[in-house]
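Structural overview for review
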Amino acid sequence: MTRAQELSDAQWERIAPLMPLVRGRSRPFRDHRQVVEGIVHRYRCGIAWRDLPERFGPWQTVWKRHARFSRDGTWDRILTAVLADADAAGDIDWAVSIDSTINRAHQHATTLPRVTGGTMNHRNLRVEPGDHAIGRSRGGLSTKIHHAVDGKGRPLAVLLGPGQGGDAPMCLPVLNTIRVPRKGSGRPRTRPDAVLADKAYSSRAIRAELRRRGVVSVIPEPRNQQGHRKRRGSAGGRPVTYDPDQYKRRNVVERAFNALKHWRGLATRYDKHAVTYRGAVVLAAILAWLRAPTCR
């Protein structure tokens, strides 16, 4: 792979058959590889769409193709296909870590009218939420990326929310997004072996749901919850138990966020629409899996 390429030949060969084809009498797509590499270049460098180098073709074509693939689920379908191959090869570590990271929204991303103060639906992956997944946190207007990664730090599910949104309310929606099809017969796998999360995800509702699903909960209990439980006596329930050694593996999700923010167009949000911004996060997840040995 040269400096002029964003994807290696092996990576492109893996996803080329998954790219959509023109049906009917519509105009044929411009070369998919040229456009996809333009999308990757834009988000890695954090430049304006208009500043794309000429080797990627018209910037309008690159932007429209990315917006289209984000809305119609193309990026999600490609990620699902890559996950299915990895699962068939036994390469997915099902000790899943979940967390979120806050990214500052640039002023160019905050010019659309937003609905604030109400409960927004951030669980539908292809419908633009009324607040565009932008909220006001301590650092200003920001977006929160909710990630679930496997035991090797590769993304399994991605959702967005406003910057001030809590982590615990998004825990189960993120886990419900995990769906890895089987090669051949059998239901898609949706249940991790274990869920590793920090104290922000400590709640009775989350622990009860994980227990109902037969998933091992590796979530420590914060001190305020410990004190509240002890004050209630026997009515407070049993102390929370978890494996401290297994909890040390939770750092993979932090490393995944660190790698994600190497893409400057993701570390700072410039996209006005949440669906488009999330599509780029999913594209980054696809490339993370394509770097795995089983996908080369």
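Residues numbered from 1 in each chain as written. Predicted model: local features only at pLDDT ≥ 70, side-chain atom pairs only at ≥ 80, totals over all residues. Heavy atoms only, no water.

1. What to know about the environment of Val253
Here is the rule: By the criteria applied, helices consist of DSSP H or I runs no shorter than four residues and strands consist of E runs no shorter than two, each listed in order from the N terminus. For every residue, the accessible area obtained with a 1.4 Å probe (protein chains only) is divided by the maximum for its type, and the residue is called buried under 20%, exposed over 50%, and partly exposed between those limits. Note on contacts: a residue pair is in contact if any heavy atoms of the two residues lie within 4.5 Å.
Inspection of the secondary structure assignment puts Val253 in helix H9 (residues 251-260). Relative accessible area serves as the criterion here: at 0%, Val253 is assigned to the buried category. Spatially, the C-alpha atoms of Val253 and Val96 are 8.9 Å apart, while their sequence positions differ by 157 residues. Residues contacting Val253, with those up to four places away along its chain left out, are Ser97, Ile98, Asp99, His147 and Val149.

2. Observations regarding helix H4 (residues 74-88)
To be explicit about the condition: A helix is expected to reach a length of 1.5 Å times the quantity of its residues less one.
End to end, H4 covers 21 Å across 15 residues, agreeing with the expected 21 Å (1.5 Å per residue, within 8%). Here H4 has its buried residues at Thr74, Trp75, Asp76, Ile78, Leu79, Val82, Leu83, Ala84, Ala86 and Asp87. Looking at the buried residues of H4, the elements they touch are helix H1 (9-15), helix H2 (32-45), helix H3 (59-71), strand S4 (155-162) and helix H11 (274-290). Trailing H4 by a residue or two, Gly90 shows a phi angle of about 70°, which is positive.

3. A word on the nonpolar core
Applicable threshold: Working definition of a nonpolar core: buried Ala, Val, Leu, Ile, Met, Phe, Trp, Tyr and Cys residues. They are joined through side-chain atoms within 4.5 Å.
By size, the foremost hydrophobic cluster in this structure holds 65 residues, and its most contacted members are Trp75 and Leu266. Tallying contributions element by element places H11 first for this core, with 12 residues. With near-sequence residues (within four places) excluded, Trp75 lies in contact with Val36, Ile39, His66, Phe69, Ser70, Gly279, Val282, Leu283 and Ile286.

4. Remarks on the pairing of strand S3 (residues 140-149)
The condition is simple: One bridge is not enough; two strands pair if DSSP finds at least two bridges between them.
Burial within S3 is extensive, with 10 of its 10 residues counted as buried. Alignment of strand S1 (residues 95-105) against S3, held across 8 bridges, turns out to be antiparallel. From the neighbouring strand, Thr101 faces S3, where its bridge partner is Ile145. Examined bridge by bridge, strand S2 (residues 135-137) and S3 share 3 bridges and lie antiparallel to one another.

5. Some details on the environment of Val158
Relative to the elements of secondary structure, Val158 occurs in strand S4. For the pair formed by Val158 and Val174, sequence separation is 16 residues and the distance between their alpha carbons is 6.9 Å. Residues within four places of Val158 in sequence aside, it is in contact with Leu125, Ile145, His146, His147, Arg278 and Val281.

6. So, the packing of aromatic side chains
Which entries qualify depends on this criterion: Stacked, edge-to-face and tilted are the three classes for Phe, Tyr and Trp ring pairs, Trp counted by its six-membered ring, which pair at centre distances within 6.5 Å; planes under 30 degrees apart are stacked, over 60 edge-to-face, the rest tilted. Lysine NZ or arginine CZ positioned within 6 Å of the ring centre and within 35 degrees of the ring normal marks a charge as sitting over the ring.
Scanning all chains against the criterion turns up 3 aromatic pairs. Their ring planes at 85° and their centres at 5.7 Å tell us that Tyr43 and Trp49 sit as a pair that is edge-to-face. Tyr43 gets classed as buried once you look at its relative accessible area, which sits at 0%. With a centroid separation of 5.4 Å and an interplanar angle of 85°, the aromatic rings of Phe69 and Trp75 are classed as edge-to-face. By the burial criterion, Phe69 is buried, and Trp75 matches it. Geometry around Tyr43 places Arg42 over its ring, the cationic atom sitting 4.7 Å from the centre.

So yeah, pure geometry; function would need other evidence.
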